[in-house]
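Remarks on the overall topology
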Amino acid sequence: ADIRGEETSKVHAALEASLEQAKTDQKDLADTAVLTEKRLGRAEKLTSGLADEQVRWKDTADQLGRQTDLLVGDVFLSAACISYFGAFTGAYRDQLVSKWVARCKEVDIPVSDDCTLRGTLASPVEVREWNIWGLPTDNVSIDNGILVTRGKRWPLMIDPQNQANSWIKAMEMKNVLKVIKLTDSNYLRTLESSIRIGNPVLVEDIGEALDPALEPILQKAIFTQNGRTLIRLGDTDVDYDPNFKFYLTTKLPNPHYLPEVCIKVTIINFTVTIKGLEDQLLGDVVRKERPDLEEAKDRLVVSISNDKKQLKDLEDKILKLLKESEGNILDDEVLINTLNNSKLTSGMISGRVKEAEETERSINETRETYRPAATRGSILYFVVADLALIGPMYQYSLTFFMKLFNTCIDNSDKSDHLEQRLKNLMDFTTQFMFNNVCRGLFEEHKLLFSFLLCTSILRACDTIGSREWNVFLRGSPLTFEPGEKAVDWLSDSQWKNVKYLETSLQSSLEGFTEGMKEASDDFRQWAESEFPFETALPGGWQEKVSPFIKLAMVKVFKEEKAVASAQQYVGVELGSAFTEAPPWTLDDVFPDTNSRTPIIFILSTGADPTAMLQRFATKKGWTPGERLHICSLGQGQGPVAEALVASGQKSGDWVCLQNCHLAKSWMLSLEKLVETMGQSSTPVHDDFRLWLSSMPAEVFPVMVLQNGIKLTNEPPKGVRANMKRTFNDISDEQWESCSKPQ
């Protein structure tokens, strides 16, 4: 029985062991089944996820393959652009690059057909940040931004409109930018400390020659000594921080730098272009007229860049997980989930990006409808800017112009009809700019300004062709042979010019000399008339030619009448309001002034605005001697003037500094004084006004002129001008006090 019991126990134990084994096997099989099921699910996710990613990755791989093939040529051209094309304007840059691309293809260097600096070296997110910091959005400015940030040599920026200056200050503000001028007494000490601690430095308003003390910095003459990185500045070895950056800007519009300067720096031309300014003004117009569009556009830029960044981060994460994955890839749950999330996210983002790009296209189309107003503004600015070529005092900054342009947008007549609104805005802007600028011009230059304004507007809309303009300006070339003279009463030079007019403008003047020959007496009578531009051309030619061609004919037939005819031509095209600038009074000007903007009287011989200012100040309650302080500049008067300005800024008194042209040595101090006054951090009483007077002089600071309100004061010439000035100075009260009947 005992033996049987033992056997039974053994069998029982064996069966139990077998049962346990079977249970274990069953559990293993169940676990394997669950794992296989999970793997199957993950495999489905993996295959579907990778299938979607595969399409995108294949496209990306193909694109990268093409880019890799073209990389050598694109980078080679980008290096050439950074080295050479910074000093040129946009049109010349495009010509250079197209020639380089063509030459690369000739010698079988692989290069993109549409190779651009922006496409090769910039990312959209970085460009957007630059735009936020104040860099204009046009392609030339973006290329300039790349040249500044990617160049191996320090940038020297030609910046007459102060755009690069503002951008650098905003971009480097977080890095504690130091701003200096070479005229500062302690600028070398500031440079030394900045190099040591790695702060960026901006040198403003440099001339055509650079201080030899900057030589080691420009040449990056860095050396290592006892494990320290040093640079020799003057007589001192200074520790060099690799975070140090050096920027130089000049306000000279067309500086001439010697080759030894050019090879040490990257010269970059930041001079604003017509197209670039047009884009900036378009942004201003749309931001005020349709703020919803500008906000939507700004949101879209952020949304698209964020979505693309998120997509790139997901791709990077997947590639990292695939690289680091060990064992069976189907067991890596994090990778599978990331792939699945990537599939969902990329689907959503692709949809959003596509939708956003369509929305952006729609927004851009709507924005484009406002372009005519921006184009007009851009034309006006370049006409105004060119006045500096006529006289040293006719300086206007882009910032000042943009402020006036925005005032025009706010003050012009509104309309629900877009075309009417644009017409109102363009007409108001043209008239407002004309009146504003004319009060700072001498009489002899006002007609020239209105004529340039008129012809620039008409040339922009192709009413005046480039050939017509060139013929009008230049006349006939010396090599032109007119043939036998057909009309006796014309001089040889007149006949030559008439024949050249006919030859050059055949579409309008074909057969003109034949017609003139047939109606010789009528044409002679027209040419000798008192007002040839207003007199109809004989022989039916009045209807055949445009007013501009008729003006060119007046210039040829009776040159002494060309100036008067130009005035009549402006009246025909723009209206009589542009033929004669309205007289101004200080009552008209004063509402445009503020405590931070100087008012500058540009003097002429025999004119003194002091009495006029004293009368106006008395009328406003600023009694001369008590609240209006007048200082005539000259030897030793600089400190007196500075003390008066400092006192006036606190008390709200007015200060008038006369004859600035006599204080040549003090002009630098005046520039600093006005610059400090214009900064929002400087406390200035709201009632304070700074009045300046000067004869036209090269020494007068350009910065003060550009940001000031300019007024010309010259004695009226002739009875009519005298009467106009007299009537303009009479107040309404004086008119009303007259006892004579109206």
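Residues numbered from 1 in each chain as written. Predicted model: local features only at pLDDT ≥ 70, side-chain atom pairs only at ≥ 80, totals over all residues. Heavy atoms only, no water.

Re the pairing of strand β7 (residues 246-250)
Across a regular strand the side chains alternate sides, sitting on one face of the sheet and then on the other. In terms of residue burial, β7 counts as a mostly covered element, since five of its five residues are buried. Burial of β7 is two-sided: the residues F246, L248 and T250 facing one way and the residues Y247 and T249 facing the other way are all buried. Where strand β3 (residues 201-204) and β7 come together, three bridges link them in parallel fashion. Paired with V203 across the two strands is L248, which belongs to β7. (Buried < 20%, exposed > 50% of the residue type's maximum accessible area, 1.4 Å probe, protein only. Helix = DSSP H or I, 4+ residues; strand = E, 2+ residues; numbered from the N terminus. Pairing = 2+ DSSP bridges.)

Comments concerning the packing of helix α15 (residues 418-438) against helix α16 (residues 443-460)
Think of two packed helices as two axes; the pair is described by the angle between the axes and how far apart they sit. Relative to each other, α15 and α16 sit at 155°, their axes nearing to 11 Å. One element, α15, and the other, α16, form an angle in the roughly antiparallel class. Here the hand of the crossing between α15 and α16 comes out right-handed. The segment α15 lies against α16, with T430, F434, V437 and C438 engaging K446, F449, S450, L453 and I457. (Axes fitted to C-alpha atoms, helices over the stretch in contact; angles between N-to-C directions. Parallel < 35°, antiparallel > 145°, perpendicular 65-115°, else oblique. Left-handed = near helix turned anticlockwise from the far one by under 90°. Contact = heavy atoms within 4.5 Å.)

A look at the state of the cysteines
On inspection of all chains with the given rule, the structure shows zero disulfides. Free cysteine C631: the closest other cysteine sulfur is in C656, separated by 9.1 Å. Free cysteine: C660, not disulfide-bonded; nearest cysteine sulfur from C656 at 8.4 Å. (Disulfide = S-S within 2.5 Å.)

A look at the packing of aromatic side chains
Summed over the entire model, instances satisfying the criterion amount to 32 aromatic pairs. Centroid distance F244 to F246: 6.1 Å. Interplanar angle 25°. Geometry classified as stacked. The same class applies to F244 as to F246, namely buried. With 5.0 Å between their ring centres and 50° between their planes, F472 and F548 make a pair best called tilted. You can see F472 sitting in helix α17 (residues 466-474) and its partner F548 sitting in helix α23 (residues 547-557), a full 76 residues away along the chain. Note on accessibility: F472 and F548 belong to one class, buried. Three or more aromatic residues joined by ring pairs form one cluster here, namely F451, W469, F472, F533, F548 and Y569. The ring centre of F472 lies 5.4 Å from the NZ or CZ of K555, which sits over that ring. Here the basic side chain of K710 rests over the ring of Y396, its NZ or CZ set 3.9 Å away from the ring centre. (Phe/Tyr/Trp six-rings, centres within 6.5 Å; stacked < 30°, edge-to-face > 60°. Lys NZ or Arg CZ within 6 Å of the ring centre and 35° of its normal.)

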